[in-house]
Amino acid sequence: MIEINNLKKIWEDDGSSVLEGINLKIEDGDIYALVGRSGAGKSTLLRCINGLTSYQEGSLKVDGCEVKDLKEKELREFRRHVGMIFQQFSLLERQTVYQNVALPMQCWKYKKEEIDRKVRELLELVGMSDKMNAKPRNLSGGQKQRVAIARALTMDPKILLCDEATSALDPKTTNSILELLMEINAKTGITVVIVTHQMEVVRKACNKACILEGGRIADEGSVREIFIKQPQSLRRLLGEEEMKLPKTGHNIQIAHLVNGLEDGELFGKMSRDLDYVFPILDGKIMEYQNDHMGIFVINVDDEHLDAVTDYLTQRDFNWHELENLSKEEKEGEK
Ligand SMILES: Nc1ncnc2c1ncn2[C@@H]1O[C@H](COP(=O)(O)OP(=O)(O)OP(=O)(O)O)[C@@H](O)[C@H]1O
């Protein structure tokens with residue numbers, strides 16, 4: 001388990017703060033996303049996890065072990081059990097696929113037969129057995145990332161850190177790499193931490209996520225809950241404008257999995273059943289893992305609030321009332 005409490009990091013050269021008040025827990029077997037815009041501090045937080053960079057305050061424990069307290073030799077041993085992959089693959093261009101994957105085991109002086117067995121097994125796992133003797137320059141981006149994944153798994157790590165590992169890939173290749181990571185996670189129970197700015201990566205592959213804004217956690221929790229809640233931090237990340245909500249009545253946000261055409265009828269049916277016509281303020285349907293999730297906002301007057309919310313609750317729709325003040329208005333009120 002990775003447990004982070006009140007972590008704070010300052011860049012020592014200019015004294016600027018990059019991470020502050022970070023509290024989160026990544027359980028064994030999670031596929032956890034650290035998501036946020038460029039400069040939010042995602043990569044820095046990821047690098048704190050494997051001790052590539054340190055932090056001044058708070059605690060970051062991996063399986064109970066405080067990373068910043070590890071001495072050089074202990075840190076090397078610790079990193080053996082934490083694999084990492086990057087956006088630019090970081091393969092050695094002059095070496096073959098086989099040699100690239102074999103490298104970490106050679107550095108740790110494993111026996112030749114053991115290296116051979118492991119490299120072949122991993123290349124099979126990532127679907128690259130037929131490219132064993134190819135050089136990286138003759139591989140596509142997706143194939144290079146498969147080789148990098150195989151290399152990251154040579155030491156049977158308990159954790160795999162992925163720093164924008166799909167950012168340089170087209171959407172189809174991104175999906176195939178995410179599916180591979182999901183397959184490896186399901187087979188081995190490895191914990192995967194994914195740094196990304198792509199919400200589609202989070203939607204497809206991750207069970208939990210943390211949205212970072214300016215070095216702080218804006219929202220954190222299960223991906224499903226985040227999509228149902230649609231916090232403003234998610235809207236900002238998706239580049240959506242803050243919704244201007246009516247000041248009268250109650251603005252109710254409804255999230256549900258779309259299971260076919262009859263769901264499109266929800267509002268028509270609700271309106272007929274309750275004999276009440278209400279405005280739909282916003283509506284979108286987004287892909288969510290292997291389903292589609294519909295997110296709608298309706299405005300309901302005082303008189304019909306109980307009837308509408310009872311109706312939604314009885315039918316197991318996720319709903320909640322939105323605050324009708326914008327960020328600026330809330331700040332103005334202070
Ligand atoms: N060595 C450093 N010294 C000072 N500031 C740094 C250093 N490395 C990174 N930064 C700054 O720290 C902030 C967070 O950087 P970080 O790379 O963690 O962000 P990120 O969310 O991963 O962004 P991106 O998606 O662009 O990689 C940025 O403002 C960056 O300019």
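The rules behind these values
- Residues numbered from 1 in each chain as written.
- Predicted model: local features only at pLDDT ≥ 70, side-chain atom pairs only at ≥ 80, totals over all residues.
- Helix = DSSP H or I, 4+ residues; strand = E, 2+ residues; numbered from the N terminus.
- Buried ≥ 20, exposed ≤ 12 C-beta atoms within 10 Å, placed from the backbone.
- Contact = placed C-beta atoms within 7 Å.
- Pairing = 2+ DSSP bridges.
- Axes fitted to C-alpha atoms, helices over the stretch in contact; angles between N-to-C directions.
- UniProt positions renumbered as here; feature names shortened; annotations may be inferred.
- Near = placed C-beta within 6 Å.
- Nonpolar A, V, L, I, M, F, W, Y, C, P; charged D, E, K, R; others polar.
- Domains from an automatic or database assignment.
- Core = buried A, V, L, I, M, F, W, Y, C linked by C-beta atoms within 7 Å.

Trainee: I keep staring at the overall build of the protein and nothing clicks. Help me out?
Mentor: The number of helices and strands found in the protein is 13 helices and 14 strands. When burial is assessed residue by residue, the protein has 31% of its 334 residues classed as buried. Contacts in the protein between residues far apart in sequence, at least 24 positions, make up 68% of those at least 6 positions apart.

Trainee: Honestly, the sheet that holds strand β11 (residues 250-257) in this entry has me stumped. Any pointers?
Mentor: Strand-to-strand pairing in sheets goes through backbone hydrogen bonds, with the strands running parallel or antiparallel. Spatial ordering of the open sheet is given by β12-β13-β11-β14, a layout of 4 strands whose pairing is antiparallel. What marks the edges here is a single partner per strand, and that holds for β12 (280-288) and β14 (318-321). In this sheet, adjacent strand axes meet at a mean angle of 15 degrees when their direction is disregarded. Summarising the sheet, β11 and strand β13 (residues 291-300) pair through 8 bridges and their orientation is antiparallel. Across the sheet, the residue bridging to Ile 252 is Ile 298, located in β13. Of the strands in this sheet, β11, β13 and β14 are in contact with helix α12 (residues 305-314), which crosses β11 at around 10 degrees.

Trainee: Honestly, the UniProt feature "domain: ABC transporter" (unreviewed entry) in the protein in this entry has me stumped. Any pointers?
Mentor: Listed under "domain: ABC transporter" (unreviewed entry) in the UniProt record, and renumbered for this structure, are residues 2-239. Secondary structure across residues 2-239 divides into 39% helix and 26% strand, with the first and last C-alpha atoms of the span separated by 30 Å.

Trainee: Mind showing me how you'd approach the site of the ligand here?
Mentor: Around the ligand, a shell composed of Trp 11, Asp 13, Val 18, Gly 36, Ser 38, Gly 39, Ala 40, Gly 41, Lys 42, Ser 43, Thr 44 and His 197 is seen. No other element matches helix α1 (residues 42-49), which puts 3 residues into the shell around the ligand. Looking at the shell around the ligand residue by residue, the classes come out as 3 nonpolar, 7 polar and 2 charged.

Trainee: Honestly, the domain arrangement of the protein in this entry has me stumped. Any pointers?
Mentor: By a widespread convention, an interface's size corresponds to the accessible area lost as its parts come together. Along its sequence, the protein is carved into domain 1 (2-233) and domain 2 (243-333). Of note, the centres of domain 1 and domain 2, computed from C-alpha atoms alone, are 37 Å apart. Between domain 1 and domain 2, the contact holds 6 residues from the first and 9 residues from the second. Contributing elements (two or more residues each) for the side of domain 1 that touches domain 2: α7 (199-205) and α8 (223-229). Grouping the amino acids of the side of domain 1 that touches domain 2 by side-chain chemistry returns 2 nonpolar, 2 polar and 2 charged.

Trainee: It is not clear to me how the pairing of strand β10 (residues 216-222) should be interpreted in this structure. Could you clarify?
Mentor: Here is the key point about a regular strand: its side chains alternate between the two faces of the sheet. Here 6 bridges tie strand β9 (residues 208-213) to β10, and the two strands are oriented antiparallel to one another. Within β10, the residue paired with Cys 210 across the bridge is Glu 220. Here β9 hands over to β10 after 2 residues, with Gly 214 in that stretch at a positive phi of 55 degrees.

Trainee: What is the right way to read the pairing of strand β3 (residues 31-36) from this model?
Mentor: A large share of β3 lies buried, amounting to 6 of its 6 residues. The two faces of β3 match: Ile 31, Ala 33 and Val 35 on one face and Tyr 32, Leu 34 and Gly 36 on the other face are all buried. Sheet analysis places β3 next to strand β8 (residues 191-196), joined by 5 bridges and oriented parallel. Looking at β8, one finds that Leu 34 is bridged to Val 195. Bridge count for β3 against β9 is 5 bridges, and the pairing is parallel. Looking across to β9, one finds that Leu 34 is bridged to Cys 210.

Trainee: Quick question: what am I supposed to make of the nonpolar core here?
Mentor: As a rule of thumb, nonpolar side chains are buried together in soluble globular proteins. By size, the foremost hydrophobic cluster in this structure holds 75 residues, and its most contacted members are Val 193, Ile 194 and Ala 209. Structurally, this core is a two-domain feature, drawing no fewer than three residues from each of domain 1 (2-233) and domain 2 (243-333). Excluding anything up to four places from it in sequence, Ala 209 contacts Tyr 32, Ala 33, Val 35, Val 202, Val 223 and Ile 226.

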